[in-house]
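Each chain, written out:
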Amino acid sequence: MATIKEAASEFLSHKRVAVTGVSRTPGSHGSNVVYKRLKERGYEVFAVNPNAEEVEADPSYHDLGSIPGGVDAVVIGTRPEIADETMRECAELGIKHVWMHRGPGGGSVSATAAAYGRERGITVIDGGCPCMFEPTADRGHKVMRVLFTLTGSVPRQV
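So, a few notes on the structure that sits alongside this text. Counting of residues starts from 1 at the beginning of each chain's written sequence and follows it residue by residue. Only residues with pLDDT of at least 70 get local features here, since the model is predicted, and only at 80 or more are side-chain atom pairs given and counted; chain-wide, interface and lining totals rely on the full set of residues. Hydrogen atoms and water are omitted, and side-chain values are computed over all heavy atoms in the structure.

1. As for the packing of helix α3 (residues 80-93) against helix α4 (residues 111-119)
And step 1. With their axes 8 Å apart at the nearest point, α3 and α4 run at an angle of 10° to one another. One finds that α3 runs roughly parallel with respect to α4. On α4, the residues touching Ala83, Asp84, Met87, Arg88 and Ala91 of α3 are Thr112, Ala113, Ala114, Tyr116 and Gly117. Axis definition: a line fitted to C-alpha atoms, over the contacting stretch in the case of helices. Angles run 0 to 180 degrees between N-to-C directions. Only runs of H or I of at least four residues qualify as helices and only runs of E of at least two qualify as strands under DSSP, and these elements are numbered from the N terminus. An angle below 35 degrees is treated as roughly parallel, one above 145 as roughly antiparallel, one from 65 to 115 as roughly perpendicular, and anything else as oblique. Note on contacts: a residue pair qualifies if any of its non-hydrogen atoms lie within 4.5 Å across the two residues.

Encoded structure:
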C-alpha cells in the first residue's frame, strides 16, 4: 500500500487527465472545480459528460474512449453508482490511475468500483480531491485535507 501523499503525487505526475461529471452548470458540481484547477496548473484535461457537447467553454466527451489520444489518469466526479461503469471503462482502456472524488459526504466513492479497479492493477484513490495536494493545492483545500483525513473522507493509504 502507498500513503495518500505518494499516491497523489504519482497521480498528479500524469499530465493527460480526464474528469468525469463536469457539469454544464459550473457552480453546481465539484468536478468543475477539479477540471478548472487542473487546467490552470497546466494539465491537458478532458471533460467527460455523456449529456454535453461543451462544458466550461471546452469540448466535452461522452466517454473516456472518445478522447483523442486517450488519457493517463481519471478523476471520477459522478454519483457512486456511475463510478462502477467508469472503472470498468478505465480497465478496458488500460488506464492505471483513478481518483474517486470525495469531500464531505459520500462523494463519488464506490467500494465495488475500487475493488474492481484494484483487482485489475489500477491504483485507486478512494476519497479526497486532487486539489488537496501539490501541485494543484490551495490553502482552503489543504485545510479540508486535514479535516477530511480525520473524518475518513481522505484515506491515509491506498
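2. Looking at the pairing of strand β2 (residues 44-48)
And step 1. Burial here depends on accessible area, computed with a 1.4 Å probe over protein chains only, as a share of the maximum for the residue type. Under 20% is buried, over 50% is exposed, and the range in between is partly exposed. Burial of β2 is extensive: four of the five residues sit out of reach of the surface.
And step 2. For two strands to pair, DSSP has to find at least two bridges joining them. Two elements, strand β1 (residues 16-20) and β2, share five bridges in a ladder whose sense is parallel. Note on β2: the bridge partner recorded for Ala18 is Phe46.
And step 3. Of the pairings in the sheet, the one linking β2 to strand β4 (residues 58-61) comprises two bridges and is parallel in character. Residue pairing for β4: Val48 is matched across the bridge by Tyr61.

3. Considerations on the packing of aromatic side chains
And step 1. Any pair of Phe, Tyr and Trp rings, taking the six-membered ring for Trp, is counted once the centres come within 6.5 Å. Such a pair is stacked with planes under 30 degrees apart, edge-to-face with planes over 60 apart, and tilted for the rest. Applying the stated criterion across every chain yields a total of three aromatic pairs.
And step 2. Between Phe11 and Trp99, the aromatic rings sit 5.3 Å apart at their centres with planes inclined by 85°, giving edge-to-face as the arrangement. Of this pair, Phe11 sits in helix α1 (residues 4-12) while Trp99 sits in strand β6 (residues 97-100); the two residues are 88 residues apart in sequence, bridging distant segments of the chain.
And step 3. Accessibility expressed as a relative area gives 2% for Phe11, which makes it buried.
And step 4. Here the aromatic rings of Phe46 and Tyr61 are separated by 6.0 Å at their centres, their planes lie at 65°, and the arrangement is edge-to-face. Here Tyr61 lies in strand β4 and Phe46 lies in strand β2, a separation of 15 residues in the sequence. In terms of burial, Phe46 and Tyr61 fall into one category: buried.
And step 5. Members of the aromatic cluster, joined through ring pairs, are Phe11, Trp99 and Phe133.
And step 6. The lysine or arginine in question, Arg120, covers the ring of Tyr116, its NZ or CZ lying 3.5 Å from the ring centre. As a reminder, the over-ring test applies to NZ of lysine and CZ of arginine, requiring each to be within 6 Å of the ring centre and within 35 degrees of the ring normal.

4. Side note on the side chain of Ser110
And step 1. Among the structural elements, Ser110 can be located in the loop between β6 and α4.
And step 2. A polar contact of 3.0 Å, which involves the side chain of Ser110, links it to the side chain of Thr112.
And step 3. Those residues in contact with Ser110, other than ones at most four positions away along the chain, are Pro80, Ala83, Asp84 and Met100. Counted as a polar contact is a pair of N or O atoms within 3.5 Å, where, for protein atoms, one must be capable of donating a hydrogen and the other of accepting one, and residues adjacent in sequence contribute only when both atoms are in side chains.

5. Some words on the side chain of Asp58
And step 1. Checked against the element boundaries, Asp58 lands in strand β4.
And step 2. Separated by 2.6 Å, the side chains of Asp58 and Tyr35 make a polar contact.

6. Concerning α1
And step 1. Residues Ile4, Ala7, Ala8, Phe11 and Leu12 constitute the buried set of α1. An end-on view of α1 places all buried positions within 125° of arc, on one side of the element.
And step 2. Residues of α1 that are buried in the fold lie against β1, α2 (30-40), β5 (73-76), β6 and β7 (123-126). To obtain the arc, one takes the directions from the helix axis to the C-beta atoms.

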